[in-house]
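Structural features, examined
The chain contents come next:
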Amino acid sequence: MTDMLCMWVARRHMRGIVRHVPIAAHALRRYCVDFAISPRQRELCAETVRFARQELGGRTDESDRSGSLDTEGWRKAAEFGALGWPVPREHGGSGFDPLTSALAFEALGYGCSNNGLLFAINNHVWACAIYLVKHGTERQKARWLPELCRGAVVGAHALTEPQAGSDMLALAATAHRDGSGWVLNGTKTFISNGSCADLFVTFARTSESEGPERALSAFLVPADAPGVRVTRELEKAGLRGAPMGEIQFSDVRLDADQLLGREGAGYQIFTSTIEWERGFLFASGVGTMRRLLETCVEHAAKREQFDRPIGSFQAVSHTLADMRIRLELAQLTLYKFGWLKREGRLAMLESSILKLVVSEGLLETALEAVQLHGARGYLTEGGIEREVRDALAGTIYGGTSQIQRSIIASLLGLPGAP
Ligand SMILES: Cc1cc2nc3c(=O)[nH]c(=O)nc-3n(C[C@H](O)[C@H](O)[C@H](O)COP(=O)(O)OP(=O)(O)OC[C@H]3O[C@@H](n4cnc5c(N)ncnc54)[C@H](O)[C@@H]3O)c2cc1C
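Residues numbered from 1 in each chain as written. Predicted model: local features only at pLDDT ≥ 70, side-chain atom pairs only at ≥ 80, totals over all residues. Heavy atoms only, no water.

The protein chain appears in an unreviewed UniProt entry as Acyl-CoA dehydrogenase from Actinomadura luteofluorescens. Looking at the Sequence similarities (unreviewed entry) heading of the UniProt record, one finds this comment for the protein chain: "Belongs to the acyl-CoA dehydrogenase family." As recorded by UniProt, the Cofactor (unreviewed entry) comment attached to the protein chain reads in full: "FAD". (UniProt positions renumbered as here; feature names shortened; annotations may be inferred.)

Below, the structure written as structure tokens:
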């Protein structure tokens, strides 16, 4: 059915002209976005915020200083179920639908100030476990998903290479056929959870003759396989509670059961799954925006200068209003994206928009939070400057802001998309 006809049916239906037309419900579904939050979802969010406040935030400064994963927080998050929220129940998860998962991860970000721990968790779920959920065989799912959900196995996503960042088709890692399996060689860098991971979802070139989009395959590589080595721990500005590493694969033998999806389908697997990663990885960032806004409102109401609370100055109150507007946009794009995925719809455009709105919005909000707190915002002890360092990364990982704009432009029919 064409869009024009859909709109005609939708308009007539709304005016009561078309009733009991079987096609109307289908047509209307395209136009009625429905992400009303149910009482059960509301309760889940409240419960998650309570849990995150009580159990997860305590070691934020320590994680930030040491640049290490808060393993206690990780274990507690696993016990709470967060590591398996979108994973089907039969594989050890909670079986939450995509919108419910988005709401729960937003609540986690709102309640917990350890953005590094949250990033490690989100990366584990949306850049590793979700690949198994979407593309794993029953055997692969049974082998890995229950342990990923329990947090006994830490997941990572190893795609980027020193010479292949935004341009994933330039990957140089190879997996050569060897009997019924492969031999994997290559270097992966900037890998989140890399130095503490037990399982890598990785990508390598399996063909020299196929075109670039059929030359890559995806593999599941346990970190303890012979030939897998963490060659460097990478120090970074923010999200320091999520360790980052460089990984070397040297003659790693892979058997047939370690191939994810079909041979040569790596690019398609990546492009269909990155939509989930880009979208949901940023749900916790929406919660962070809300947490920062509330901190700033409280400070603006309490801090007095010139015998008045600073929030009474228009320059300050308008900054807070802008923060609120950014939060509203971030929530709307997140919930719409969650709803689209719940409906089983493609959402490439929406995931890029969501990533831009949340990552750039969060960075702006964090910078303004520093300004609004004056020198107190610049001190390490208040934790506001850390929010800026943490927020900086969002415009880079999962595809840079420039790449997201190119994707959006290409979906407008413009040439030159990456
Ligand atoms: C905190 C963090 C966590 C990460 N975690 C992981 C992980 O777990 N696994 C993983 O595989 N990778 C990870 N990465 C790597 C990340 O995916 C890459 O950094 C990202 O894809 C960009 O690649 P690059 O850094 O090599 O930059 P480059 O690709 O070299 O880009 C440099 C600059 O050029 C611009 N540019 C490049 N090409 C274009 C173009 N066509 N049009 C316009 N501008 C362009 C970019 O936007 C950027 O501004 C992580 C990165 C960070 C910062």
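Overview of the overall build of the protein chain
Looking only at helices and strands, the protein chain has 15 helices and 10 strands in total. Relative to its full complement of 418 residues, the protein chain shows a buried share of 54%. Intrachain contacts of the protein chain at a sequence separation of at least 6 include 73% that bridge at least 24 residues. Split by element, the accessible area of the protein chain, about 19,000 Å² in all, is 54% carbon and sulfur. (Helix = DSSP H or I, 4+ residues; strand = E, 2+ residues; numbered from the N terminus. Buried < 20%, exposed > 50% of the residue type's maximum accessible area, 1.4 Å probe, protein only. Contact = heavy atoms within 4.5 Å. Areas by Shrake-Rupley, 256 points an atom, 1.4 Å probe, with all protein chains shown as cover.)

Focus on the UniProt feature "domain: Acyl-CoA oxidase/dehydrogenase middle" (unreviewed entry) in the protein chain
The feature "domain: Acyl-CoA oxidase/dehydrogenase middle" (unreviewed entry), as given by UniProt, occupies residues 156–252 in the numbering adopted here. For residues 156–252, helix accounts for 0% and strand for 52%, while the C-alpha atoms at its two ends are 17 Å apart.

Concerning the environment of Ala-256
Mapping Ala-256 onto the fold places it in the loop between strand E7 (244–254) and strand E8 (259–260). Judged by relative accessible area, Ala-256 falls into the partly exposed class, the value being 43%. Each C-alpha atom of the pair Ala-256 and Phe-219 lies 9.5 Å from the other, and the pair is 37 residues apart in sequence. Beyond its immediate chain neighbours, meaning those up to four positions away, Ala-256 contacts Ser-180, Gly-181 and Trp-182.

Considerations on the site of the ligand
Lining the immediate surroundings of the ligand are 18 residues, of which His-157, Thr-160, Ser-166, Ser-192 and Thr-400 lie closest. Between His-157 and the ligand, the recorded distance is 2.7 Å, taken from a backbone N or O atom to a nitrogen atom. One of the side-chain nitrogen or oxygen atoms of Ser-166 is found 2.6 Å away from an oxygen atom of the ligand. Coverage of the ligand by the protein amounts to 65% of the 970 Å² it exposes when considered alone. If you list the elements that add at least two residues to the shell around the ligand, you get helix H7 (115–135), strand E3 (181–192) and helix H15 (401–411). (Near = heavy atom within 4 Å. Polar contact = N/O pair within 3.5 Å; in protein donor to acceptor, adjacent residues only side chain to side chain.)

What to know about helix H14 (residues 384–392)
Most of H14 sits out of view: 8 of its 9 residues are buried. Residues of H14 that are buried: Ile-384, Glu-385, Arg-386, Glu-387, Val-388, Arg-389, Asp-390 and Ala-391. Of the surrounding elements, those touching the buried residues of H14 are helix H4 (60–66), H7, helix H10 (283–302), helix H12 (348–373) and helix H13 (375–378).

With respect to the pairing of strand E5 (residues 216–222)
Most of E5 sits out of view: 7 of its 7 residues are buried. Two elements, strand E4 (residues 199–205) and E5, share 7 bridges in a ladder whose sense is antiparallel. Along E5, the bridge assignment pairs Phe-200 with Val-221. In terms of strand pairing, E5 meets E8 through 2 bridges, oriented antiparallel. (Pairing = 2+ DSSP bridges.)

Here we look at the confidence of the model for the protein chain
Mean pLDDT over the protein chain stands at 93; residues scoring 70 or higher make up 92%. Contacts for the low-pLDDT stretch residues 1–10, under 50 throughout, to residues beyond four places or in other chains number 14 contacts. Across residues 17–23, confidence stays below pLDDT 50; counting only partners more than four residues off in sequence or on other chains, it has 4 contacts. (pLDDT = per-residue confidence, 0-100.)

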